[in-house]
Amino acid sequence: DHWEGIPVNLGPIPPFEEVVLEETEHYKIWIDALGAKRLDHKKPPTPGFVTRKWLEFPVKNRGDFKEMQKRVDPHSPGRIPKNWEELRERYRNRTFVLGLTIQSMFWRVRDWVGFEGLCTMFYDDPMLVHEMMEFVADFTIEALDEILDEVDVDFVFFNEDMAYKTASMISPKMVKEFMWPRYRKLVRFFRDKGVSVLIMDCDGHIGELIPLWLDVGINCVSPVEIAANNDPVEYRKK
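Residues numbered from 1 in each chain as written. Predicted model: local features only at pLDDT ≥ 70, side-chain atom pairs only at ≥ 80, totals over all residues. Heavy atoms only, no water.

Q: So what about the overall build of the protein? Which residues, and what values?
A: Along the backbone of the protein there are 8 helices and 9 strands. In terms of overall dimensions, the protein is globule-like: its C-alpha atoms have a radius of gyration of 19 Å, near the 18 Å expected for 238 residues. Overall, the protein is about 50 × 45 × 40 Å in size when its C-alpha atoms are taken along their principal axes. Here the protein holds 238 residues, and 45% of them are scored as buried. Accessible surface, the protein as shown: approximately 12,900 Å² in total, 53% of it carbon and sulfur. If the 32 positive side-chain charges of the protein are averaged to one point and the 41 negative ones to another, these points end up 2 Å apart. (Helix = DSSP H or I, 4+ residues; strand = E, 2+ residues; numbered from the N terminus. Rg over C-alpha atoms; globule rule 2.2 N^0.38 Å. Buried < 20%, exposed > 50% of the residue type's maximum accessible area, 1.4 Å probe, protein only. Areas by Shrake-Rupley, 256 points an atom, 1.4 Å probe, with all protein chains shown as cover. Lys, Arg positive; Asp, Glu negative; His and termini not counted. Charge placed at Lys NZ, Arg CZ, Asp CG, Glu CD.)

Q: Any details on the pattern of salt bridges? Residues and values, ideally.
A: Counted according to the given criterion, the structure contains 19 salt bridges. Its salt-bridge partner being glutamate 56, residue lysine 60 comes within 3.1 Å of it at the nearest N-O pair. Measuring nitrogen to oxygen at the nearest pair gives 3.5 Å for the salt bridge that ties lysine 66 to glutamate 131. Taken as a pair, lysine 66 in helix H1 (residues 62-69) and glutamate 131 in helix H5 (residues 126-150) lie far apart in primary sequence, 65 residues in all. Among the charged side chains, a salt-bridge network with shared partners connects Arg88, Glu89, Arg92 and Glu150. (Salt bridge = Lys/Arg side-chain N within 4 Å of Asp/Glu carboxyl O.)

Q: Tell me what's going on with the side chain of aspartate 201, and back it up with residues and numbers.
A: With respect to the element layout, aspartate 201 can be found in strand S8 (residues 197-201). The side chain of aspartate 201 is buried and forms no salt bridge, while arginine 110, the nearest opposite charge, is found at 8.6 Å.

Q: Could you give an account of the packing of helix H3 (residues 105-113) against helix H4 (residues 115-124), naming the residues involved and the relevant values?
A: In a pair of packed helices, the angle between the axes and the distance between the axes together describe the arrangement. Close contact between H3 and H4 brings their axes to 7 Å; oriented N to C, the two are set at 105 degrees. Here H3 lies roughly perpendicular to H4, going by the angle between them. Seen from H3, the contacting residues are Phe106, Val109, Arg110 and Val113; seen from H4, they are Phe115, Gly117, Leu118, Met121 and Phe122. (Axes fitted to C-alpha atoms, helices over the stretch in contact; angles between N-to-C directions. Parallel < 35°, antiparallel > 145°, perpendicular 65-115°, else oblique. Contact = heavy atoms within 4.5 Å.)

Q: Tell me about unusual backbone geometry, and please be specific about residues and values.
A: Cis rather than trans, the peptide bond between isoleucine 13 and proline 14 has omega equal to -5 degrees. In this structure, the amide linkage connecting serine 222 to the following residue, proline 223, adopts the cis form with an omega of 0 degrees. Assignment of secondary structure puts proline 223 in the loop between strand S9 (220-222) and helix H8 (232-237). Backbone geometry places aspartate 161, a non-glycine residue, at a positive phi of 45 degrees.

So this is what it looks like as structure tokens:
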């Protein structure tokens, strides 16, 4: 069936200036729109996949996070499409499925501090992680509140991607401590807005995580990667 997503901008506004710092025949080192310094190969060995290496991230401490908040203002001009009134009327009279995609807690904070940076920060500065994840949840709610008052959506996609081939990237205990309270806040918000299908988008092995998501009210997962030791038949039985 045909489906569409509301084109709301939940990224940094303004985005970081994209700057090429070094370029050769084989790669370029540059700053992307999220503020990350990265090395991208021009001729990836695996066609269809981006081959890149992350070199540095914009948030390393609480001061950097305070600066990042200036770009993550829920009321920044440009979050809602300029033709919103036209889209709103079209959505209200639609005959297709309408969804919405958000960057969830692990995903967005990882974009700010890096994967390794986040994994060590859980131990080195847990209060800052709590603060950032709470901010992500509050920002998402504030940015979408008016939109979801004006248009009903059929589903919400939570971007997360927090699992390897055989296990979660952090323990279920840590998910419960750092993320579950924010999941609960978001789920309550979306339920109050009438959204019945909440989909967790997470690559990798999600067997440890599904019970936590179900427990908080997220009722769908996608993908379920067979190459990551997931057994959808067994999950259905459980």
